[in-house]
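Residue-level structural notes
Now for the letters of each chain:
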Amino acid sequence: MNIDTILVKVASRCNINCTYCYVYNMGDDGWQDMPALMSSSTIQALSSSLTELASAQSRPFATVLHGGEPLMLGARRLEYLLGALRAVLPETHVICMQTNGMLLTPEVVEICAKFRVGVSISLDGPKAVNDRFRLGKHGESTHDRVVAGIKLLRDHPMSGVLYAGLLSVIDPFSDPAEVYEYFKGLSAPSVDFLYRDGNHSNLPFGKNAFESVEYGRWLSRLLDVYLADPLPPRIRFLDDIIKLCLGGRGIKEGLGDADYGIAIIETDGSVSKNDTLKSSFNGADRFVENWSVHHDRLSEIFASTEFAQYHALQRPTSKDCKNCKLEGVCGGGMPLHRWKVGSEFDNPSVYCNDQKELISNVIDRLKREGLQLDPRLR
Ligand code: SF4
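Residues numbered from 1 in each chain as written. Predicted model: local features only at pLDDT ≥ 70, side-chain atom pairs only at ≥ 80, totals over all residues. Heavy atoms only, no water.

**Describing the sheet that holds strand β6 (residues 190-194)**
What counts is decided by this rule: DSSP-based pairing: two strands are paired if at least 2 bridges between them are found. Each helix corresponds to a stretch of at least 4 residues labelled H or I by DSSP, and each strand to a stretch of at least 2 residues labelled E; elements are numbered beginning at the N terminus.
Reading across from one edge, β7-β6-β5-β4-β3-β2-β1-β8-β9 is the order of the nine strands in this open sheet, with mixed pairing throughout. Since the sheet does not close on itself, it has two edges, and those belong to β7 (234-235) and β9 (271-272), each with one partner. Where strand β3 (residues 95-99) lies against strand β4 (residues 117-122), five bridges are found, and the strand directions are parallel. In the sheet register, I95 faces β4, and the bridge partner there is V117.

**Concerning the packing of aromatic side chains**
The line we're drawing: Within 6.5 Å between ring centres, the rings of Phe, Tyr and Trp (the latter by its six-membered ring) count as paired, and their orientation is classed by plane angle as stacked under 30 degrees, edge-to-face over 60, tilted in between. Accessibility here uses a 1.4 Å probe with only protein chains present; expressed as a share of the type maximum, an area under 20% marks a residue as buried, one over 50% as exposed, and anything in between as partly exposed. Remark: a charge is flagged as sitting over a ring if the NZ atom of Lys or the CZ atom of Arg is within 6 Å of the ring centre and within 35 degrees of the ring normal.
Applying the stated criterion across every chain, the model contains 18 aromatic pairs. Between Y182 and F183, the aromatic rings sit 6.3 Å apart at their centres with planes inclined by 50°, giving tilted as the arrangement. Ring geometry for Y195 against Y215: centres 5.9 Å apart, planes inclined by 65°, an arrangement best described as edge-to-face. Remark: Y215 occurs in helix α8 (residues 214-228) and Y195 occurs in the loop between β6 and α8; sequence separation between them is 20 residues. Both residues of the pair, Y195 and Y215, count as buried. The ring of F133 is capped by R196, whose NZ or CZ atom sits 4.4 Å from the centre of that ring.

**Thoughts on the side chain of S292**
As a reminder, the rule being used: Contact between two residues is taken to exist if any of their heavy atoms lie within 4.5 Å; hydrogens are not considered.
Among the secondary structure elements, S292 is positioned in the loop between β9 and α10 (298-302). The exposure class of S292 is buried, given its relative accessible area of 7%. When near neighbours in sequence (up to four residues on either side) are disregarded, S292 contacts D268, G269, S270 and V271.

Printed below as a string of structure tokens:
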């Protein structure tokens, strides 16, 4: 199968302590067994493995540096890592980084510019919204340092390459119009909004019940503001829903029926499943096979039965989803949101009713504009 994203955990620790973090604060302790940082021998094994994968599949894949906090690598080791990756991945392969932005310095930004690495920053909104959950190790504010990091990217002559956008976890008690305007004020070229982690056995923050639609209302209000703006940033989640309603395709897992291939490389070089599964149960992101870039070929791992079974988890299996008119757009949501003790992943998303609320509003808007819907929605 083709892989779209290789997510590389270059650091297994973080310099801050977001209270909602699925890596450290949702019951999984796998990070404790991992080296804090990726070593130079693992970096070399990783670049050999990516060379092999790039020649084995026709489609380019994106390599995303992730953590923990990837900038805990420090400037020197980051430069070494990016040099090793760019030596084997030409610029047709996107290399980007997801960071909390706290450790961005002019030196780090120059290194990212040298290797053409796009940087996406995690920020949840204006100070009061962001600092509700995204806090330092002693409960201190993170907002001002993150914004200082964003300004380094935004004001750089290569900002078009460097400033990839913002990643924001939704707080359903915040004002979506205020969050949107705030992100526009930071000149964000794109914003990816995420649902909070959670599942049927552990309801997401702010959700009263499976039937409630707090997030669906929040996203519908965001949709109104977005569609009214003549010069909006890209909002991938809303764009994908609109495209899917019009018969197009989404680009990531969690919406539609696109075949999205993702694998994780840990700091010790082992290969694991999508790390967001960690919030379901301890060890949910681990394969039975002990695969590693040190002794296995990525193309053989991705062609294996166990990897195919993990990949198939993206498609919903519950009969509610199978009989749902919106399944082609909703896609049953992310697997982590379907988890329930007992029935495991065989459930609709815990955000099912939020998805229905939002998608219905998108459909109404498209109909009002006289646009042709995907035949499955008519
Ligand atoms: S809206 Fe609900 S039932 Fe329909 S596909 Fe999504 S999660 Fe499944």
